[in-house]
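# Structural description and commentary
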Amino acid sequence: MSPTERLDQEHAHIQRLLAALERLVRRLHDEDPPLDGLEEALGLLRGFADAAHHGKEERHLFPALGVAGLSNEVGPVAVMLLEHDAGRRELDDIAEALGALRAGVPEGAGRLARAASRYAALMRDHIDKEDQVLFPMARELLPRGVAAALAGEYARVDEEALGPGGYARALARLDALVAAAGGPAAPRARGPDGSRPS
Ligand SMILES: [Fe+2]
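The structure contained in this document is the topic of the report that follows.

Reading the values: rules and limits
- Residues numbered from 1 in each chain as written.
- Predicted model: local features only at pLDDT ≥ 70, side-chain atom pairs only at ≥ 80, totals over all residues.
- Heavy atoms only, no water.
- Donors = N, O, S within 2.8 Å, 3.2 Å for Na, K, Ca; no water.
- Tetrahedral: all angles 85-135°; square planar, octahedral: opposite > 155°, others 65-115°.
- Helix = DSSP H or I, 4+ residues; strand = E, 2+ residues; numbered from the N terminus.
- Buried < 20%, exposed > 50% of the residue type's maximum accessible area, 1.4 Å probe, protein only.
- Core = buried A, V, L, I, M, F, W, Y, C linked by side-chain atoms within 4.5 Å.
- Contact = heavy atoms within 4.5 Å.
- Polar contact = N/O pair within 3.5 Å; in protein donor to acceptor, adjacent residues only side chain to side chain.
- Phe/Tyr/Trp six-rings, centres within 6.5 Å; stacked < 30°, edge-to-face > 60°.
- Lys NZ or Arg CZ within 6 Å of the ring centre and 35° of its normal.
- Axes fitted to C-alpha atoms, helices over the stretch in contact; angles between N-to-C directions.
- Left-handed = near helix turned anticlockwise from the far one by under 90°.
- Salt bridge = Lys/Arg side-chain N within 4 Å of Asp/Glu carboxyl O.

## Details of the coordination of the iron ion
- Looking at the iron ion, the protein donor atoms are His-11 (NE2), His-53 (NE2), Glu-57 (OE) and Glu-130 (OE), and they sit 2.0 to 2.3 Å from it.
- Of note is the iron ion, whose 4 donor atoms meet at the metal with angles of 80 to 162° in an arrangement that counts as irregular.
- Within one chain, the residues donating to the iron ion are spaced in sequence as H-x41-H-x3-E-x72-E. In this pair, His-53 is assigned in helix α2 (residues 35-67) and Glu-130 in helix α4 (residues 107-141), connecting sequence segments 77 residues apart. Both residues of the pair, His-53 and Glu-130, count as buried.

So this is what it looks like as structure tokens:
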């Protein structure tokens, strides 16, 4: 397995989650706005996208790249870290706006829509940079043995972030949310650990 294979798969799931978030936001002015769906999207963005996915990058991929000579202080890794932090601030804003909406504050809808739009744009640009620049560098720089070690570390991050078996549960929740939001079904069946047959 390459050092970025699991992360590449997660990018595809996060892209589907972002599209679901945007579809749910478009229904904010419905008679019965999908506040529970938005809460679920927020939970998955925090748990799956941030704690589990960004956690793997911050705790293992980026340090491994540092050992291989790529600075974490300047350059592409530093930019990725800043964008992870910016994303967390947008998620806090989405949470506050959702809380305001639930409390009956009408301005919450506009605030939520703006924060979700900023977050989706930030994350899509961020994923593009990783896919186009950082991950190809990682595949070039990291020796095969490091890639194998990373796979084990990634599994530990998933368990810490999402609980035992939580990765597969999070993907099942993500699929259900995407379907409920009117998005495409998962492209292929997955194994019990959330992996797809190759
Ligand atoms: Fe990423």
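On we go.
## Some points on the nonpolar core
- Formed by 38 residues in total, the largest nonpolar core has its most connected members in Leu-38, Leu-112 and Tyr-119.
- Looking at this core, the elements that each hand over two or more residues are α1 (5-25), α2, α3 (76-102), α4 and α6 (166-180).
- Looking at this core element by element, the count peaks at 9 residues for α2.
- Look past the residues within four positions of Leu-112 in its chain and what remains in contact with it is Val-25, Leu-28, Leu-38, Ile-94, Ala-97, Leu-98 and Leu-101.
- Formed by 14 residues, the second largest nonpolar core is a distinct cluster that contains Ala-64, Leu-65, Leu-142 and Tyr-154.

## Considerations on the environment of Gly-37
- In this structure, Gly-37 sits in helix α2.
- A relative accessible area of 16% means that Gly-37 is categorised as buried.
- Each C-alpha atom of the pair Gly-37 and Leu-177 lies 7.0 Å from the other, and the pair is 140 residues apart in sequence.
- The contacts of Gly-37, once residues within four sequence positions are left out, are Leu-24 and Leu-177.

## With respect to the side chain of His-54
- Tracing the chain through its elements places His-54 in helix α2.
- Within the structure, His-54 has its side chain in polar contact with the side chain of Asp-50 (distance 2.9 Å).
- Leaving out residues up to four positions away in the same chain, His-54 has contacts with Ala-49, His-84, Arg-88, Met-123 and His-126.

## A few points about the packing of aromatic side chains
- For the structure on display, the rule yields 1 aromatic pair.
- Centroid distance Phe-48 to Tyr-167: 5.5 Å. Interplanar angle 40°. Geometry classified as tilted. Highlighted residues: Phe-48 in helix α2 and Tyr-167 in helix α6, separated in sequence by 119 residues. The pair Phe-48 / Tyr-167 is uniform in exposure class, with both members buried.
- Sitting over the ring of Tyr-167, Arg-6 keeps its end group 4.3 Å from the ring centre.

## Some remarks on the packing of α1 against α6
- Direction vectors running N to C along α1 and α6 enclose 35°, while the axes themselves pass 9 Å from each other. Handedness of the crossing formed by α1 with α6: left-handed. Contact with α1, carried on its side by Arg-6, Glu-10, His-13, Arg-16, Leu-17, Ala-20, Arg-23 and Leu-24, involves Tyr-167, Leu-171, Leu-174, Asp-175, Leu-177 and Val-178 of α6 and no other residues of that element.

## Here's the deal with the pattern of salt bridges
- Inspection of every chain in the model, using the stated rule, returns 23 salt bridges.
- Note that Glu-10 and Lys-56 form a salt bridge whose closest N and O atoms lie 2.7 Å from each other. Residue Glu-10 is located in helix α1, and its partner Lys-56 is located in helix α2; the two are separated by 46 residues in the primary sequence. The burial state of Glu-10 is the same as that of Lys-56; both residues are buried.
- In this structure, Arg-88 and Asp-50 form a salt bridge, with 2.8 Å as the shortest nitrogen-oxygen distance. With Arg-88 in helix α3 and Asp-50 in helix α2, this pair connects stretches of sequence that are 38 residues apart.
- Classification of Arg-88 as partly exposed rests on a relative accessible area of 24%.

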